[in-house]
Amino acid sequence: MRVALFTTCLADTLYPNTLRATVRLLERLGCEVAFPEEQTCCGQMHYNTGYREHARSLARRHNEVFHGYQAVIAPSGSCVGMVSELYPGLAGTPAPTYELTEFLVDVLEVTDVGAYFPHRVTYHPTCHSLRMLGVGTRPHQLLAAVRGLDLIPLPESESCCGFGGTFALKNADTSTAMLADKMRQVLGTGAEVVSAGDNSCLMHIGGGLSRLHSGVRPVHLAEILASTEEDPWLPETR
Amino acid sequence: MAARNPVTWLGSPTFPAAARTALDDSQLRRNLKHATGTIRTKRAAAVSELDDWEQLRLAGEAIKNEVLTRLDTYLVQFEEAVTARGGVVHWARDAAEANQIVLRLARQAGAGDVVKVKSMATAEIELNEALQAGGVTAIETDLAELIVQLGNDRPSHILVPAIHRNRAEIREIFRRTMPDVDAGLSDNPAELAGAAREFLRRKFLTTNVAVSGANFGVAETGSVVVVESEGNGRMCLTVPETLITVMGLEKLVPSWRDLEVFLQLLPRSSTAERMNPYTSVFTGVTEGDGPRQFHLVLLDNGRTSTLADEVGRQALRCIRCSACLNVCPVYERTGGKAYGSVYPGPIGAILAPQLAGDMHDPHAASLPYASSLCGACFEACPVRIDIPEVLVHLRERSVEAKGRSPESAAMAAAAWMFGSRARYEAAQRAGSLARFVAPRGKLSHLPWPGSKWTNARDVPVPPKESFRGWWRRNRG
């Protein structure tokens, strides 16, 4: 199956490991991955901050770049939510766009992707994956099949981590208070890895955990699923 | 020039500034966490009992949309029905007009005091303050509303206005303000309720005028419905000779049958109860039963202009259940007073600025940004108000009102940069240079406004090679 990778500007720029893992995973599952190089940003930041016209022009551009693809995949619940849920009212119907776990479980119909990740992990479901896309238990089904992985349930997991895009700047204090509670829950699990399906939330949670030198590392779900016994995940070096 | 709409409190700081103070109040944080956590769990259980909950939500949404679409017709029908049953209908364009009407009616009845049923509409127009200025004292009879009133405080929640108080604080308020209170009053909730009961019972029996709000008005019959938990509202609605009801003009439902939907949606969403304890329905005046005079004040106060906004009008479906407050992660941390309005939380963030109607006011303009857009409010809303959608819409109105600003310049620059692959890639390469000042791959100090992030969080620097760089090298 031929699929297009929607990298998201955040991951393309800051988290290339997540995207390399996504490519590796999709290819391992038999997909042919295309990367339309004209893509930049979906416009979510502009849209959510109240700059609708800027968002609209970026959305139109995105729709042109991905026009004609049968399946567009991104390892981000919020960027996919922007495209699949909000583009129709903003810039017209986009190409069919899937969040990674939706694509794996619904389209490829696979929950055991042959992954190996011998770590203690807790999972934050992220608001837009959870409530905008309704990915439900798909990430957990995938994680449950990962060999060596010890999944520790995250208490109050459905609470927002406080990122919210420009919310983290405009209401930095409230955002930090939300982050403090999220970090408390993550640290309480004793996990060494906190995972999620969205690098933006992980940047926020991970940024706080890093500031505290907490010893907990954020790892995107795609990197866990791409890791195998032959070629196991290694920490990113910058 | 029209008088200022009191729906947003005069002199309120913007939300971020007010939140900063609230966040440092450890007692407030504890009280809110406990209260919202408890009601959240209970609501989830009450809702999960019904397998047609989603259908009920859809029905609630549809009925309210029908009313809003033909509001003019339903209002006239309602007025005719109320009048035919012996009630008197008054129309109030704004808070000032409504307050004048109620004050005049109270004076005509010779009242020095009025007892009040808990009501958001009268809180929205600051009726108590207006009555006081006119020499009439309003006595709140809802327990939580009474705690707020006696404590000379502001409400912080739609359903439980004293949610920010714990029982030790309530005991102190009662001991300080209730005449003849038992000096040995403890903080046992039953004892506290007993003290309030004694205090209020005297008022019920000596006061001749009651003021209420309305949860629903039935257009078909002219009936008014008041939904409450304590029975104090029922006392107000039945004992005094004169009843004055202030009702937002969006509160109508077309017919009796429609109440069936809302009397399921409302209690489960607000108090997590299967059935509401005290549901009072009254229609005009009935000989030998209840008030001799019934006045109904239909309040606009920004509702018509809200109705004119195609995206924002869905806020008028609100039935004031508070479910969105209880599930909101922002509200849970800041409490209601930070919103600077009698309508706090997610619904307040979309309702207060619309009713106030002035996005040039920095406080009102800050409210739509008081959300991470996590969507928990929309999920909980019994009438399916897409609060995140309206928040974003009002952010657009806020941006328009503000005009050119450093933020709008930065957003325009970012849009220009993302508008071309070449510019985007150049920006990536420039950003990647930050790695030379951040050998561990992260930064802990950025200049303003990035400092708002790095005050509490590290930020990763772009690695040497972006994904697209790797792709070109390996797959290109």
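Residues numbered from 1 in each chain as written. Chains lettered and ligands numbered in written order. Predicted model: local features only at pLDDT ≥ 70, side-chain atom pairs only at ≥ 80, totals over all residues. Heavy atoms only, no water.

A word on the interface of chain B and chain A
Chain B puts 63 residues into the contact, and the matching count from chain A is 63 residues. Counting the surface lost from both chain B and chain A, the interface buries some 5,600 Å², and carbon and sulfur atoms represent 58% of this. Salt-bridge contacts for Asp 12 of chain A lead to Arg 468 of chain B; the nearest nitrogen and oxygen are separated by 2.8 Å. Where chain B touches chain A, the interface holds 36 residue pairs in polar contact (both at pLDDT 80 or more). Examining the composition of the side of chain B that touches chain A, we find that 7 residues originate from one element, helix α20 (residues 406–418) of chain B, more than from any other. Residue composition of the side of chain B that touches chain A, grouped by class: 29 nonpolar, 14 polar and 20 charged. (Contact = heavy atoms within 4.5 Å. Buried area = accessible area lost by both parts, 1.4 Å probe. Salt bridge = Lys/Arg side-chain N within 4 Å of Asp/Glu carboxyl O. Polar contact = N/O pair within 3.5 Å; in protein donor to acceptor, adjacent residues only side chain to side chain. Helix = DSSP H or I, 4+ residues; strand = E, 2+ residues; numbered from the N terminus. Nonpolar A, V, L, I, M, F, W, Y, C, P; charged D, E, K, R; others polar.)

Here's the deal with the nonpolar core
A general trend in soluble globular proteins is that nonpolar side chains are found buried together. Counting residues in hydrophobic clusters, the biggest one holds 89 residues, and the most contacted among them are Phe 216, Phe 262, Ile 347 and Ile 350 of chain B. Discounting chain neighbours no more than four positions away, the residues touching Phe 262 of chain B are Gly 60, Ile 63, Lys 64, Phe 216, Val 253, Pro 267, Ile 319 and Val 383 of chain B. (Core = buried A, V, L, I, M, F, W, Y, C linked by side-chain atoms within 4.5 Å. Buried < 20%, exposed > 50% of the residue type's maximum accessible area, 1.4 Å probe, protein only.)

Description of the sheet that holds strand β1 (residues 2–5) of chain A
Residues and elements named next belong to chain A. A sheet is described by the order of its strands in space; here 4 strands give the open sequence β2-β1-β3-β4, paired in parallel fashion. One side of each edge strand has no neighbouring strand; the edge strands of this open sheet are β2 (32–34) and β4 (97–99). Pairwise comparison of adjacent strand axes, ignoring direction, gives a mean angle of 35° for this sheet. Bridge analysis of β1 against β2 gives 3 bridges, and the strand direction is parallel. Note that in β2 the partner of Val 3 across the bridge is Val 33. Its contacts with the sheet put helix α6 (residues 100–107) on β1, β3 (72–74) and β4, and the angle it makes with β4 is roughly 100°. (Pairing = 2+ DSSP bridges. Axes fitted to C-alpha atoms, helices over the stretch in contact; angles between N-to-C directions.)

Regarding the domain arrangement of chain A
Accessible area lost during the coming together of the parts is what is often quoted as the interface size. Residue and element names in this part refer to chain A. Domain assignment breaks chain A into domain 1 (2–107) and domain 2 (120–226). Inter-centroid distance (C-alpha atoms) of domain 1 to domain 2 is 21 Å. Between domain 1 and domain 2, the contact holds 31 residues from the first and 22 residues from the second. Summed over both sides, the interface of domain 1 with domain 2 buries roughly 2,100 Å², with 63% coming from carbon and sulfur. If you look at where domain 1 meets domain 2, you find 1 salt bridge. Note that Arg 138 and Asp 106 form a salt bridge whose closest N and O atoms lie 2.9 Å from each other. At the boundary of domain 1 and domain 2, one finds 11 residue pairs in polar contact (both at pLDDT 80 or more). Secondary structure elements with two or more residues in the side of domain 1 that touches domain 2: α1 (9–14), α2 (16–28), α3 (44–49), α5 (77–90) and α6. It is α5 that contributes the most residues to the side of domain 1 that touches domain 2, 8 residues altogether. (Domains from an automatic or database assignment.)

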